[in-house]
There are 2 protein chains.
Amino acid sequence: MAFELFEREGFDATTVDAIAKSAGIGRRTFFRYFESKNDVVWGSFTEQLDHMRERFAQRPADEPLMESVRAVVVEFNRVDPAEVPKHRRRMELILRVPALQAHSTLRYGDWRAVVAEYAAHRLGEQPSALRPQAIAYAALGVSLAAYEHWLAESGLQLCDVLDEALSELARGFVLG
Amino acid sequence: MAFELFEREGFDATTVDAIAKSAGIGRRTFFRYFESKNDVVWGSFTEQLDHMRERFAQRPADEPLMESVRAVVVEFNRVDPAEVPKHRRRMELILRVPALQAHSTLRYGDWRAVVAEYAAHRLGEQPSALRPQAIAYAALGVSLAAYEHWLAESGLQLCDVLDEALSELARGFVLG
DNA sequence: GAGCATAATGGCACCGGGTGCCAAATGGAA
DNA sequence: TTCCATTTGGCACCCGGTGCCATTATGCTC
């Protein structure tokens, strides 16, 4: 698996040739399955976002908007306890390897679009309007802060940290 | 100038060879002045951040934290009216060209560090703690949303949009 | 101004990610 | 088996980025 190579050699030091060879396919074929080396790490994120959309659709209409965002984002990031170590290693790559950090921005765009779409729906505005976009960007931001905190501090529950960060956001970071 | 090439040919289609040639220097020399082709667009951002640090240092200690953040970020992004068109074109590149969008994430890290440092100072926490990081990430996020909105809508004042977005943030996006 | 040390320059070869092209392999359906 | 469509992967190529090294300014001392 490619992840073992990343683990052993580091992401940058692992060439596409090596990944392809270890998967028993040609280099050219690799690039038919993955747009880029970076995308190996991200996998089927786009499809996962459909789940997030569904979760949003199920929130009660009278729930405060930022409450819905918090709930959905927290649940969206809940992973099977057995998968936590794997998830952690994956997120370590995404959040700490500069090349992936940079590339991931493009994926986050899709994530934000889902949040912005829902926020726009709730606010009666266009998804491209300032507030939905600001909400999406802010929710993404605090989520990333939560992820980093979770990675840095051992023994934390990801969902707890996300919940706390998104609660702070909904509170406007008062008492500062 | 490199920017004219980006304008005419597009960022991706402009090769480093072409930039170097148009600047009358060797390709190898180019890479001594810029870490990457992406960095041409960013210029001396790191030094500008020192100004932001100074602005933070000058805020009164009894001002609500998010108020200080709003004020500093807005002022930090105020540009000489004569420079607005240039600033606009530069930000169009940064926010719309995928390669730059991705790369810029790394620069934003420095920006966030300045905000987190101040927030940590005000909260009596470590800059790496959850709240300062969340605040920095959120402030960056809504600022990017503001920038995008400013770019998309003509006739807006960047500072006004930033002010609005950061005010919403400080309010926790209530009335949603 | 001559001589010298130091830094700046840029040519060259190389690496690695990514792509277009095309021929060979694969795998059904008839 | 034959035929067609799809998948595969080799090959050459482009481009960004780097290490190495010879050459060329630059600036200082005498």
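Worth saying up front: this structure is predicted, and the values here are computed from it rather than measured.

Asks: Please provide a residue-by-residue account of the side chain of Thr14(B), values included.
Replies: Residue and element names in this part refer to chain B. Relative to the helices and strands, Thr 14 resides in the loop between helix H1 (2–9) and helix H2 (16–23). Classification of Thr 14 as buried rests on a relative accessible area of 2%. The contacts of Thr 14, once residues within four sequence positions are left out, are Leu 5, Phe 6, Glu 9, Ile 19 and Lys 37.

Asks: Give me the lowdown on the relation of the copies chain A and chain B, citing residues and values where you can.
Replies: For the match of chain A to chain B, the screw axis carries a shift of 0.0 Å, the RMSD comes to 0.0 Å, and the turn is 180°. In symmetry terms, the pair is related by a two-fold rotation axis. When the interface residues of chain A are mapped onto chain B, 100% of them are again interface residues, pointing to one common binding face.

Asks: How would you summarise the nonpolar core if you had to cite specific residues and measurements?
Replies: Ranked by internal contacts, the top residues of the largest apolar core, which has 118 residues, are Trp111(A), Leu169(A), Trp111(B) and Leu169(B). Dropping the residues within four chain positions of it, Leu169(B) is found in contact with Ala138(A), Leu169(A), Gly172(A), Phe173(A), Met66(B), Ala138(B), Ala139(B) and Val142(B).

Asks: Give a detailed account of the packing of aromatic side chains, specifying residues and quantitative values.
Replies: Residue and element names in this part refer to chain A. For the structure on display, the rule yields 16 aromatic pairs over all chains. Judged by centre distance (5.8 Å) and plane angle (80°), the ring pair of Trp 42 and Tyr 108 falls under edge-to-face. With Trp 42 in helix H4 (residues 39–42) and Tyr 108 in helix H8 (residues 98–123), the pair connects residues that are 66 residues apart, well separated along the chain. You can call Trp 42 buried: its relative accessible area is 6%. Geometrically, the ring pair formed by Phe 56 and Tyr 118 is stacked, given 4.4 Å between the ring centres and 20° between the ring planes. Taken together, the residues span a long stretch of sequence, with Phe 56 in helix H5 (residues 45–57) and Tyr 118 in helix H8 at a distance of 62 residues. For the pair shown, Phe 56 and Tyr 118 are each scored as buried. Three or more aromatic residues joined by ring pairs form one cluster here, namely Phe 3, Phe 6 and Phe 11. One residue, Lys 37, lies across the ring of Phe 11, its end atom 4.7 Å from the ring centre.

Conventions and cut-offs
Throughout this description, residue numbers start from 1 for each chain and increase along the sequence as written. Whichever chain is written first becomes A and whichever ligand is written first becomes 1, with later ones labelled in order. The predicted origin of the model limits local features to residues at a pLDDT of at least 70 and limits the giving and counting of side-chain atom pairs to 80 or more, whereas totals for whole chains, interfaces and linings rest on all residues. For the side-chain quantities, the full set of heavy atoms in the structure was used; hydrogens and water were omitted. By definition, any uninterrupted DSSP run of H or I lasting at least four residues is a helix, any uninterrupted run of E lasting at least two residues is a strand, and each is numbered from the N terminus. The buried label applies to any residue whose accessible area, calculated with a 1.4 Å probe on protein chains only, is under 20% of its type's maximum; exposed applies above 50%, and partly exposed to all values in between. In this analysis, two residues are considered to be in contact whenever any of their non-hydrogen atoms come within 4.5 Å of each other. Copy-to-copy superposition: least squares on the C-alpha atoms, limited to residues that have pLDDT of at least 70 in both copies. The criterion is simple. A nonpolar core is a set of buried Ala, Val, Leu, Ile, Met, Phe, Trp, Tyr and Cys residues joined through side-chain atoms within 4.5 Å. Aromatic rings from Phe, Tyr and Trp, with only the six-membered ring used for Trp, were paired whenever their centres fell within 6.5 Å, and each pair was classed as stacked if the ring planes differed by under 30 degrees, edge-to-face if by over 60, and tilted otherwise. In this scheme, the term charge over a ring applies when either NZ of a lysine or CZ of an arginine sits within 6 Å of the ring centre and within 35 degrees of the ring normal.

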